[in-house]
Amino acid sequence: MNILIASSEVAPFSKTGGLADVCRELPLALSRIGHQPMVFTPAYRQIRNRAATLERTDVTFEIPIGSKVMIGHLLTGVMPDSSVPVYFVDQPEYFDRDQLYQESGQDYRDNCERYVFFSRAVMEAIRLLDLPVDVIHCNDWQTGLIPALLRIEYQHARGYEDIVTLMTIHNMAYQGHFWHWDMLLTGLDWKYFNWKQMEFWGNLNLMKTGLVFADAISTVSARYAEEIQHDLGCGLEGVLRQRSASLFGINNGVDYELWNPATDPQLAANYSVDNWHEGKAACKTVLQREFGLPTESETPLIGLIGRLADQKGWDLVANVMQRWVNREKVQWAILGEGEERYHEILERLATQRPDRVGIRFEFSDPIARHVEAGADMLLMPSRFEPCGLNQLHSLKYGTVPIVRETGGLADSICDASAENLSNGTANGFSFQAYDADQLEVTLQRACDTFRTRRDVWRNLVETGMKQDWSWNESAQQYVSLYRQMRRQHDMLRQAAEAAH
Ligand code: ADP
């Protein structure tokens, strides 16, 4: 099948989180099983700076945005170490900027305009390049306009008749809410600005637009697919319940060519399930140095990686760190950037006990890998977590996840209860309520196990390392879903033709 994947970020070209990993790894997996994926993403500054590895096509876009016409170009390249084509929508006024979506905590004021342009450019590129496309796979609000554009403007044009759209939700908390006048930027008729389609409490909502117009919807774990229809839909629970027959949960996977301690070139020592003890010990020492911590091998080292946003449970972490920092002999290695208030709280803790709290406020892929390999445990007490990739990476790197039971964390991590240990399914520690006491008890349980029950610890590490969270299964599930969407589309089309 010819699958066009549209995303506002794609690793290794641009990345702020898991969306970028998925939009790199899923196309690679689809290509390995014989399909023809192609990826569309904006040409941000760091991508334009790599111009040597990109080619400029002769495609020029002239896209009406409100009352003006914006010109853009198309660059092409390939996903590294593959032949998967990547198309970069180049429009310097919109995309040649320091960051992807915001600076100093403030969203770019023209985000709606930027991604309307991107969405329209994707639709135009199909025609201009004469691309054979069976499915457009949209990801998050930045591409939410695409299903509406297809249905309203393009579906009857030659080459677009049989295209279907899948809208994948990577995070319901970011919906692309804009004031109503931004409806003018979309170029669509005001009649679509109603509570059943593009409007949400008086605003334009691009996530909702995608959910309403797409042929099918997916999200990145089965648990999150349930949760967003009830209490984690951030206001769109009703829309999702209405579409529940077309809503699917497909877990994200991990590309073990890219995330594997046996081959990861960033690690101080490579290791596998047969020699993880020595390998991780070497990585731990390097990590401790990198975070300014004493190189103590017996002290539990708790790693955290992630956006400093409410979602990730930093208030619980800060609460327990405050209780523990002078009391419990554990070390913390924290990598992240985001909201100022969390920077401040963590900074204070690090100043108080630099021998116990190490922090790097930055976005660094190599350091993320050092934490994955060098920490003993990885903490993710998220308020909600659509899938979560860090815990899947840490399973492979032999770092025991400690998670709150929500979304993909609940679907992937099995608590070290006596029962789960005896039936061989335990691969981490988990707790239910979003509560600092519960987190503390669970962390205590993990640290006690690390210190005094080495056989159980080994068991947890090795169970996790041997598990298969690769894309194999999930890529097949996407293909089945794409096929199902196409069948349904064909049936509807035939029925419509018969009716004429
Ligand atoms: P989310 O997409 O909600 O941010 P995920 O767990 O799904 O969270 O994915 C996070 C991805 O982003 C992982 O690949 C992780 O390594 C990476 N990541 C997050 N924060 C950082 C950081 N500060 N530096 C490097 N990589 C990071």
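Up top is the structure these notes are about.
Rules of the game
Residues numbered from 1 in each chain as written. Predicted model: local features only at pLDDT ≥ 70, side-chain atom pairs only at ≥ 80, totals over all residues. Heavy atoms only, no water. Buried < 20%, exposed > 50% of the residue type's maximum accessible area, 1.4 Å probe, protein only. Helix = DSSP H or I, 4+ residues; strand = E, 2+ residues; numbered from the N terminus. Pairing = 2+ DSSP bridges. Right-handed = clockwise from strand over helix to strand, strands pointing away. Near = heavy atom within 4 Å. Polar contact = N/O pair within 3.5 Å; in protein donor to acceptor, adjacent residues only side chain to side chain. Areas by Shrake-Rupley, 256 points an atom, 1.4 Å probe, with all protein chains shown as cover. Nonpolar A, V, L, I, M, F, W, Y, C, P; charged D, E, K, R; others polar. Contact = heavy atoms within 4.5 Å. Salt bridge = Lys/Arg side-chain N within 4 Å of Asp/Glu carboxyl O. Axes fitted to C-alpha atoms, helices over the stretch in contact; angles between N-to-C directions. Parallel < 35°, antiparallel > 145°, perpendicular 65-115°, else oblique. Left-handed = near helix turned anticlockwise from the far one by under 90°.

Can you walk me through the pairing of strand β2 (residues 36-42) in this structure?
The two faces of the sheet receive side chains in turn, since in a regular strand these alternate between them. Most of β2 is tucked away, with 6 of its 7 residues classed as buried. Strand direction decides the pairing type here: strand β1 (residues 2-6) and β2, joined by 5 bridges, are parallel. What sits directly across from leucine 4, in β2, is methionine 38. Handedness of the crossover joining β1 and β2 through helix α1 (residues 18-32): right-handed. The pairing of β2 with strand β5 (residues 85-90) spans 4 bridges and is classified as parallel. When the sheet's bridge partners are listed, proline 42 is paired in β5 with valine 89.

Would you take a moment to explain the environment of glutamine 488 for this structure?
Position of glutamine 488 among the secondary structure elements: in helix α19 (residues 471-499). Its relative accessible area of 47% is what places glutamine 488 among the partly exposed residues.

Would you explain the site of the ligand in this entry?
Not every one of the 21 residues close to the ligand is listed here, only the nearest: Gly18, Asp21, Arg307, Lys312 and Glu362. Separating an oxygen atom of the ligand from a backbone N or O atom of glycine 18 is a distance of 2.7 Å. In the environment of the ligand, an oxygen atom lies 2.8 Å from a nitrogen or oxygen atom belonging to the side chain of arginine 307. Here the ligand loses 94% of its free accessible area of 560 Å² to cover by the protein chains. Residue composition of the shell around the ligand, grouped by class: 5 nonpolar, 9 polar and 7 charged.

For this particular structure, what's the right way to read the side chain of aspartate 376?
As for its position among the elements, aspartate 376 is in the loop between α13 (365-374) and β18 (377-380). Here the side chain of aspartate 376 touches lysine 284 through a polar contact of 2.6 Å, side chain to side chain. Dropping the residues within four chain positions of it, aspartate 376 is found in contact with Lys284, Thr299, Pro300, Leu301, Gly398, Thr399, Val400, Phe450 and Trp457.

How should the pattern of salt bridges be read in this particular structure?
When the charged atoms of two side chains with opposite charge come close together, those side chains can pair. Applying the stated rule across the entire model yields 29 salt bridges. Across the pair arginine 48 and aspartate 90 runs a salt bridge, and its minimum N-O distance is 2.8 Å. A residue pair is termed long-range when its members are at least 10 positions apart, and arginine 48 in helix α2 (residues 45-48) and aspartate 90 in strand β5 qualify at 42 residues. For aspartate 90, a relative accessible area of 4% translates into the label buried. When the shortest N-O distance is used, the salt bridge between arginine 369 and aspartate 264 registers 2.9 Å. Of this pair, arginine 369 sits in helix α13 while aspartate 264 is found in the loop between β14 (247-249) and α10 (276-290), placing the two residues 105 residues apart along the sequence. Here arginine 369 matches aspartate 264 in class, with each residue buried. Each of the salt bridges in this network shares a partner with another, and the network as a whole consists of Arg45, Arg48, Asp90, Asp96 and Asp98.

Looking at this structure, I do not really get unusual backbone geometry. What am I missing?
Where the residue is not glycine, phi is negative for most of them; where a peptide bond is considered, it is trans in most cases. That bond from alanine 11 to proline 12 is cis: its omega, 0 degrees, falls within 30 degrees of zero. Tracing the backbone through its elements, the reader meets proline 12 in the loop between β1 and α1. One non-glycine residue, aspartate 130, lies in positive phi territory at about 55 degrees. With respect to the helices and strands, the residue aspartate 130 is situated in the loop between α4 (111-128) and β8 (135-139).

Please clarify how the packing of α10 against α13 should be interpreted in this entry.
Axes are the key here: two packed helices are described by the angle between their axes and the distance separating the axes. As a packed pair, α10 and α13 sit with axes 8 Å apart at the nearest point and diverge in direction by 130 degrees. The angle between α10 and α13 falls in the class oblique. The crossing of α10 and α13 is left-handed. Contact residues: Lys280, Cys283, Lys284, Leu287 and Glu290 in α10; Ile367, His370, Val371, Glu372, Ala373 and Gly374 in α13.

Before we go on, may I ask you to explain the sheet that holds β18 in this structure?
Each strand in a sheet pairs with another by means of backbone hydrogen bonds, the pair being arranged parallel or else antiparallel. Read from one edge to the other, the open sheet built from 6 strands follows the order β17-β16-β15-β18-β19-β20, with strand pairing classed as parallel. One side of each edge strand has no neighbouring strand; the edge strands of this open sheet are β17 (357-360) and β20 (429-431). On average, each strand axis in the sheet is inclined to that of its neighbour by 20 degrees, with strand direction left out of account. Across 2 bridges, strand β15 (residues 301-305) lies against β18 in parallel orientation. When the sheet's bridge partners are listed, glycine 303 is paired in β18 with leucine 378. Packing against the sheet, α10 makes contact with β15, β16 (331-335) and β17, and its axis sits at approximately 65 degrees to β15.

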